[in-house]
Amino acid sequence: LGSMASKAIMEDLKKKVEANPAATKKVKATYEWQLSKDGGEPVKWTMDFKNGVKIEEGPPAKADCVIIMSEEDFVKMMQGAVSSQSLFLKGKMKVKGGLQHAMKLGDVQKLVMRAKL
């Protein structure tokens with residue numbers, strides 16, 4: 001599982017969210033994902049659902065919620081192999097900022113899980 005896996009998931013998610021804007025209408029937050037591989041420097045992604053939809057590589061100017069985890073766990077979570085709650089409770093996913101924003105990501109995750117990865 002390399003950075004190509006998370007990139008493919010983010011690109012797939014962007015297409016699905018753009019095709020199904022109602023799924024993220026209630027989210028109204030900006031997220032920064034920090035996905036690290038083998039303990040290296042994390043790759044940062046922006047998910048912005050405040051003004052339409054923006055999913056792109058790189059950190060946002062200001063995030064309402066920062067989610068820090070390994071890329072491997074991110075891929076497993078988005079494929080439905082492990083739950084975000086389980087990762088959070090085991091300390092494998094850290095959330096900075098509003099936890100209520102992180103909880104809204106379930107609807108976004110469901111869009112990806114419908115995809116064939």
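Structure first, text after, so check above.
Now for a description of the structure that goes with this document. Small disclaimer: the values here were computed from a predicted structure and weren't measured.

Examining the sheet that holds strand β2 (residues 43-48)
Strand order in the open sheet formed by five strands is β3-β2-β1-β4-β5, and the pairing between neighbours is mixed. The sheet is open, and its two edges are formed by β3 (54-57) and β5 (93-97), each paired on a single side. Taking the axes of each pair of neighbouring strands and ignoring which way they run, one obtains an average angle of 15° across the sheet. Pairing of β2 with β3 involves four bridges; the strand directions are antiparallel.

Focus on the packing of aromatic side chains
Enumeration over the complete set of coordinates arrives at two aromatic pairs. When the centroid spacing of 5.1 Å and the interplanar angle of 65° are considered together, the rings of Trp33 and Phe74 count as edge-to-face. Residue Trp33 is located in strand β1 (residues 30-36), and its partner Phe74 is located in helix α2 (residues 71-78); the two are separated by 41 residues in the primary sequence. In this structure Phe74 comes out as buried when scored by relative accessible area, which is 0%.

Notes on the nonpolar core
Most often, soluble globular proteins keep nonpolar side chains buried together rather than apart. One finds Tyr31, Trp33, Met47, Phe49, Met69, Phe74 and Met77 to be the most contacted residues of the largest nonpolar core, which totals 27 residues. Among the elements of the structure, α1 (3-19), β1, β2, β4 (65-70), α2, β5 and α5 (105-113) are those that each provide at least two residues to this core.

Criteria and thresholds
Residues numbered from 1 in each chain as written. Predicted model: local features only at pLDDT ≥ 70, side-chain atom pairs only at ≥ 80, totals over all residues. Heavy atoms only, no water. Pairing = 2+ DSSP bridges. Helix = DSSP H or I, 4+ residues; strand = E, 2+ residues; numbered from the N terminus. Axes fitted to C-alpha atoms, helices over the stretch in contact; angles between N-to-C directions. Phe/Tyr/Trp six-rings, centres within 6.5 Å; stacked < 30°, edge-to-face > 60°. Buried < 20%, exposed > 50% of the residue type's maximum accessible area, 1.4 Å probe, protein only. Core = buried A, V, L, I, M, F, W, Y, C linked by side-chain atoms within 4.5 Å.

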